[in-house]
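Secondary and tertiary structure notes
One letter stands for each residue in the lines below.
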Amino acid sequence: MSDVTATRHPGLNLNHTDRETHDRAESVMFGFWVFMMSDLVLFAVLFATYAAQSVHGIAGGPAPAEIFELKSTLWQTLVLLTSSFTMGLAALALKYRDDRRRLVLWLLVTAALGGTFLYLEGADWLRMARDHGAVPQVSGFLSIFYALTGTHFLHVSAAMVWIGVMLVQIGRFGLKPEVKLRVMRLAILWHLLDVVWIGIFTFVFLFGVVQ
Amino acid sequence: MTKGIPVSEDEGLRAELRSYAIGGILSLALTGAAFWLVASRALSLRTTLLVLGGLAIVQIAAQLRFFLHIDLRKSHRDDLQLILFTALIIGLMIGGTIWILFNQHARM
Amino acid sequence: MTPFGLLDWSDLVFAGFLRDPSVNEAVASAAGAFAVLGAVAALVVLTVKGWWRPLWSGWLTSLDHKRIGIMYVVLGLVMFARAIAEASVMRAQQMAALGEPGFLSAEHFGQLFTTHGTIMIFFVAMPLLTGIINFVMPLQIGARDVTFPLVNAVSLALTAAGAALLMVSLVVGRFSTGGWSGYPPFTGAAFSPGEGVDYWIWAVTLSSLGSTLTGMNFAVTIYKERCPGMHLFRMPLFTWTALCTSILMIFAMAPLTVATLMLALDRYAGFHFFTAGSGGDMMNYANLFWLFGHPEVYILILPAFGVWSEVFSTFSGKTLYGYTSLVIATMCIAVLSFTVWLHHFFTMGQAASINAVFGVATMLIGVPTGVKVYDWLLTMVRGRIRFRVPLILGCYFLATFVIGGLTGVLLANPTVDYGTHNSLFLVAHFHNMLIPGLLFGMFAAIHFWFPKAFGFRLHEGLGVLSAFLWMGGFLCAFMPLYALGLMGGMRRMAQLPEGPFGPLLAVALLGALMIAAGFAVFVLQLWWSVRHRDRLAVPHGDPWDGRTLEWALPAPPPEWNFAVLPEVDRRDPFDAAKLAGIAYALPDRYEDIEMPANSAVAPALGAAAFAVAFGLVWHIWWLVAFGLAAALAAIVARSFVTETTRTIPAAHVRQVTEGWRSIARVATPCPRRAEATGANRGRARPQQ
Ligand code: HEM
Ligand SMILES: [Cu+2]
């Protein structure tokens, strides 16, 4: 095959560390990226709706600045960013080491951080609902707020299920090419969910609080 | 450490680890800056919003570069086309929607 | 609540007739009975003929792109029969309702135009084009299958589940009256309580999920599975349009999914995305819907443009004129189609400057489209033209499509649109694009590639007859609507005012009946051709003196398509090979071929999706939970399956290939003048 340093698909490439899997990676990984791009468009449309409804859709209900609490948002952000980093470490363990223990360990850390994020976000929602009566049925703004953050929440939850399935498959099948490629796709999903979250904490929470 | 890894792989690992570390530190720093900006109210509203938007874009770029390995020079052409086209469509959809809905609202 | 949610015996359409034995209810019950009888008849035939097993193992669980493609086309044709019948009933109602109430209630008429529009777009046009791309595109790029064969089957299953939901709504409950675009606040819970809009939401959402997956699958296939030497700029034009359509599907379906899910949240959970009051913004619905809707019309038309390109070139015996300009025009159209969505709601109150920007952008699309028309015309210039059914339809397309395009440019002018918005002028315009452009394109494709798929041609005379019925029918059915629209006739009206409308509506009804008759002749043609398939057989695979790789294969092609992956060094490679006399050379080496093994995952997911959707419509929550759990379980279980392929031994490949080629090589080549006769066995005499 051609130059081993050339990339075949976006994201981490296996290159020379596992030529066999690398040779099979191109269309699967590309396909997953295409899927993710479609998913990003879905988020984009939600963001666009949020931009309008968070300004026009308050309808006498609570405004963003009244219900957001940046401390919680900051914690959620830090936890999720760290999980993106640990997912990166998992991917490197996959690429460079043939011991599964390290990979499993980093996946478990990532899952724990992901779980913490979900817990913090859920608690934050509950707080808003309890202290401000801020439930989605109150206003257009709250509807899209929960839809946007909720869609992200569902994505993270799905990725957690995926981590679980991968842990089982690593135990059962070892690091065969299919399993490796699945972990690599999982990592891409995880990083992109981080990208979406950057949009959420900036354009939803920070923008909401400054105004 | 596992045995039998050639030196060059170790180097590769170190380089990639460094890339992830840079990405991690950058995103923490940019996040910190954004939250600090809001907490301290150091700038006027307008400037704050602009700077926040800028920080988010830089941070997204950092994620793409250091965690997702998107490199404008080294990437395959198909891949770049895909990502740039997505960016274009997202820009059109978000920009168009905001333009239209705010204009309609202003005229109501 | 019962375990069956809101469902009750009185929701059966027949109960409606018992309550109120009017003509209106009789029509509804007859449609319901027709659906039930059709389903029962299908089950009986399958059982009596013992076709269940072949259906299951040969088709439903098959991951072969050719079979999946054929199933898509069958789905599209079945749904077309229903949508055409509904169109005729609507026309009959408007005719009967001049100055009196007519025989349908306004409510029923509303359901008719909603199901007609929804079915035509999502369950006729989309399945037809998806099916044809599925069948043809991998053959044209020299591939053995699409990149993700299982995803392909899942897309079909999701689409079929959506179509099944629509069919069930004929018998259980009522459908939406909100039109194919489903605008709130009318479709919100306050104004449309009940199951109708929910049926619409979930049917459309399933179809949209299926199309997203399809788009992704096709795009990756075209990017990654082309045979050696098949550069992008050597791809046949049909494959180019398939690529652009796929890209539009990837990006345009998401806004639709978001819009329908938001509408569902409004209706089910009291959210306020689009409600009047409480900060909802119904104009955002229009915005989101057309963010999808406009690219959608190009999703529909681009593959037809691809078909026309192949048809003009093949039946003129010439290479396509202006290949590069056609490719660039296709790309321009694809990108521009994301910049014009506002022209569907010029009248919604934004500033004139915004309307102007989108109006100009819309008119711009006329430019690349015009380029295409000239390219097609110039392809025919000095060609040796053969008027087979596809080309007859093609010439008609050129003439009428230009009319539709011109009225489109008129509508793109916001000031004009203020006067014609939502009038029958608009209905005439979009049918003018959709019928000669898309629909005839799909029927041309069916005539063109049918012999490839099944090994025999369709009877030519009956084809010409149905084509003429369609062509005359379209003119009668829709040209009067331009006039009616300008006279003030509005769309979606169960009743139009008396006076000068009568004669034109009568012509329109006649046209609708002619189109329906044309479809009946088409069905007859299928039946006749199947009965006499020996006479029409073209086993050597090249009945039309084709130019691209799919014609290099026997008809029908073997499961693996290419015994050895071809290598190409130019456009129209098969034409060149024929001229060089090497078209039927034998490969010197055969290898084992790995093909995807059958899988029951797709039908399982389709059934689960149907269960979820039906449960959601009727608030049967346990069914929803069960369906979701089953779907998740199927996906996870599939990821544990290790044997997903099946190996076809080289010896078998050799035997099949040599069996065909050794006969094809010595077959008498058929001259073009005998193309439509029994002398055409699928070996073409090359034209110099
Ligand atoms: C084959 C002959 C056809 C006939 C006779 C026909 C007739 C009609 C009629 C009478 C209407 C209602 C117009 C009104 O609102 O007053 C209608 C609407 C519509 N038709 Fe067709 N049609 C045909 C084919 C098609 C095809 C091929 C497509 C698309 C692929 C299509 C898509 C639509 C759509 C989207 C609507 C709008 C539904 C709505 O108002 O929400 N039709 N058609
Ligand atoms: Cu449009």
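Residues numbered from 1 in each chain as written. Chains lettered and ligands numbered in written order. Predicted model: local features only at pLDDT ≥ 70, side-chain atom pairs only at ≥ 80, totals over all residues. Heavy atoms only, no water.

Put simply, the rule is: UniProt positions are given in the numbering used here, feature names are shortened, and annotations may be inferred rather than shown by experiment.
Looking at an unreviewed UniProt entry, chain B carries the name Cytochrome bo(3) ubiquinol oxidase subunit 4, with the source organism given as Wenxinia saemankumensis. Quoted verbatim from the Sequence similarities (unreviewed entry) heading of the UniProt record, the comment on chain B is "Belongs to the cytochrome c oxidase bacterial subunit 4 family." Check the Subunit (unreviewed entry) section of the UniProt entry for chain B; it says "Heterooctamer of two A chains, two B chains, two C chains and two D chains."

The name given to chain A in an unreviewed UniProt entry is Cytochrome bo(3) ubiquinol oxidase subunit 3, with the source organism recorded as Wenxinia saemankumensis. Looking at chain A in UniProt, the text filed under Subunit (unreviewed entry) is "Heterooctamer of two A chains, two B chains, two C chains and two D chains."

**Let's talk about the site of ligand 1**
Residues and elements named next belong to chain C. The criterion, for reference: A single heavy atom is enough: if one lies within 4 Å of a molecule or strand, its residue is considered near that molecule or strand. Counting of polar contacts relies on pairs of N or O atoms within 3.5 Å, with two restrictions inside protein: one atom must be capable of donating a hydrogen and the other of accepting it, and residues adjacent in sequence are counted only when both atoms are side-chain atoms. By definition, any uninterrupted DSSP run of H or I lasting at least four residues is a helix, any uninterrupted run of E lasting at least two residues is a strand, and each is numbered from the N terminus. Ten residues, namely Ala, Val, Leu, Ile, Met, Phe, Trp, Tyr, Cys and Pro, are considered nonpolar, four, namely Asp, Glu, Lys and Arg, are considered charged, and the remaining ones, Gly among them, are considered polar.
Around ligand 1 sit 24 residues in total, of which His116, Trp180, His431, Arg491 and Arg492 are the nearest. Within the side chain of His116, an N or O atom sits 2.8 Å from a nitrogen atom of ligand 1. Sorting the residues of the shell around ligand 1 by element identifies helix H4 (65-96), helix H5 (106-140), helix H14 (424-454) and helix H16 (501-531) as the ones contributing at least two each. Looking at which element gives the most residues to the shell around ligand 1, the answer is H14, with 7 residues. Of the residues assigned to the shell around ligand 1, the class counts are 16 nonpolar, 5 polar and 3 charged.

**Looking at the interface of chain C and chain B**
This is how the line gets drawn: The contact criterion used throughout is that any non-hydrogen atoms of two residues lie within 4.5 Å. Accessible area that two parts lose when put together, evaluated with a 1.4 Å probe and summed over both, is termed the buried area. The rule for a salt bridge is simple: a side-chain nitrogen of Lys or Arg has to be within 4 Å of a carboxyl oxygen of Asp or Glu.
Counting from both sides, the interface comprises 24 residues of chain C and, opposite them, 20 residues of chain B. Between chain C and chain B the total buried area reaches about 1800 Å² when both faces are included, carbon and sulfur atoms providing 73% of it. There are 0 salt bridges connecting chain C and chain B. If you look at where chain C meets chain B, you find 5 residue pairs in polar contact (both at pLDDT 80 or more). Within the residue set of the side of chain C that touches chain B, elements represented by two or more residues are helix H7 (196-224), helix H8 (237-269), helix H9 (282-315) and helix H11 (352-380) of chain C. The element contributing the most residues to the side of chain C that touches chain B is H9(C), with 4 residues. By residue class, the composition of the side of chain C that touches chain B is 17 nonpolar, 5 polar and 2 charged.

**Observations regarding the coordination of the iron atom of ligand 1**
All names here are of chain C. Basically, it comes down to this: Donor criterion used throughout: N, O or S atom within 2.8 Å of the metal, extended to 3.2 Å for Na, K and Ca. Water excluded; incomplete-looking sites may result. Square planar and octahedral sites, with four and six donors, are those where opposite donors lie more than 155 degrees apart and all other angles lie between 65 and 115, tetrahedral sites have four donors with every angle between 85 and 135 degrees, and the rest are irregular. Any residue under 20% of the maximum accessible area for its type is buried, any over 50% is exposed, and the rest in between are partly exposed; the area is computed with a 1.4 Å probe on protein chains only.
On the protein side, the iron atom of ligand 1 has His116 (NE2) and His431 (NE2) as donor atoms, found 1.9 to 2.0 Å from it. Coordination geometry of the iron atom of ligand 1: the 6 donor atoms subtend angles of 86 to 179° at the metal centre, consistent with an arrangement described as octahedral. Placement of the pair is His116 in helix H5 and His431 in helix H14, with a sequence separation of 315 residues. Considered together, His116 and His431 belong to a single accessibility category, that of buried residues.

**Description of the nonpolar core**
This is how the line gets drawn: For the purposes of this section, nonpolar cores are sets of buried Ala, Val, Leu, Ile, Met, Phe, Trp, Tyr and Cys residues that join through side-chain atoms within 4.5 Å. Domain delimitation in this document rests on an assignment produced automatically or drawn from a domain database.
Among the nonpolar cores identified, the biggest contains 296 residues, and A:Phe68, A:Phe145, C:Phe440 and C:Phe443 are the most heavily contacted of them. It is helix H6 (residues 177-210) of chain A that contributes the most residues to this core, 23 residues altogether. Structurally, this core is a two-domain feature, drawing no fewer than three residues from each of domain 1 (1-69) and domain 2 (73-108) of chain B. In this structure, B:Leu13, B:Tyr20, B:Phe66 and B:Phe67 belong to the second largest nonpolar core, which totals 9 residues.

**Here we look at the UniProt feature "transmembrane region" (unreviewed entry) in chain A**
Residues and elements named next belong to chain A. Per the UniProt record, "transmembrane region" (unreviewed entry) is found at residues 28-53, 73-94, 103-120, 140-168 and 188-210. Across residues 28-53 one finds 100% helix and 0% strand; the C-alpha atoms that close the span lie 38 Å apart. Strand forms 0% of residues 140-168 and helix 100%; the C-alpha atoms that close the span are 42 Å apart.

**Overview of the domain arrangement of chain B**
Structurally, chain B comprises domain 1 (1-69) and domain 2 (73-108). For domain 1 of chain B versus domain 2 of chain B, the separation of C-alpha centres amounts to 23 Å.

**Details of a nonpolar patch on the surface**
Residues and elements named next belong to chain C. Selection criterion: The residues that make up patches have over 30% relative accessible area and no salt bridge, and they are joined within 9 Å when like-charged or within 5 Å when they are Val, Leu, Ile, Met, Phe, Trp or Tyr. All accessible areas in this document rest on Shrake-Rupley with a 1.4 Å probe, and a residue is counted as covered only by the protein chains that are shown.
A contiguous nonpolar patch, built from Phe14, Val36, Val40, Val44 and Val48 and spanning about 400 Å² of accessible area, is present on the exposed surface. A per-element tally of the nonpolar patch places helix H2 (residues 23-48) first, with 4 residues. Note that Val44 resides in helix H2. The class for Val44 is partly exposed, based on a relative accessible area of 44%.

**Here's the deal with H7(C)**
Just so we agree on the cut-off: Residue count minus one, scaled by 1.5 Å, sets the expected span of a helix.
Over its 29 residues, H7(C) runs 43 Å from end to end, which matches the ideal 42 Å to within 8%, given 1.5 Å per residue. Most of H7(C) is tucked away, with 28 of its 29 residues classed as buried.

**Thoughts on the coordination of the copper ion (ligand 2)**
Residues and elements named next belong to chain C. Protein coordination of the copper ion (ligand 2) is provided by His294 (ND1), His343 (NE2) and His344 (NE2), with donor distances spanning 1.7 to 2.0 Å. Along the chain, the residues donating to the copper ion (ligand 2) fall in the pattern H-x48-H-H. Taken together, the residues His294 in helix H9 and His343 in the loop between helix H10 (323-336) and H11 connect sequence positions 49 residues apart. Since its relative accessible area comes to 14%, His343 is described here as buried.

**A short note on the interface of chain B and chain A**
Contact residues are listed per partner, giving 48 residues for chain B and 53 residues for chain A. Both faces combined, the contact of chain B with chain A buries some 4500 Å², and carbon together with sulfur accounts for 77% of it. When the area that chain B buries against chain A is broken down by residue, the three leading residues are B:Tyr20, B:Phe35 and B:Leu68, summing to 15%. If you look at where chain B meets chain A, you find 1 salt bridge. Between A:Lys95 and B:Glu16 there is a salt bridge whose closest N-O contact spans 2.8 Å. Across the contact surface, chain B and chain A share 6 residue pairs in polar contact (both at pLDDT 80 or more).

**Re the environment of C:Trp9**
All names here are of chain C. When you line up the elements, Trp9 lands in the segment before helix H1 (13-19). For Trp9, a relative accessible area of 71% translates into the label exposed. Counting along the chain gives 163 residues from Trp9 to Val172, while the straight-line C-alpha distance between them is 8.9 Å.

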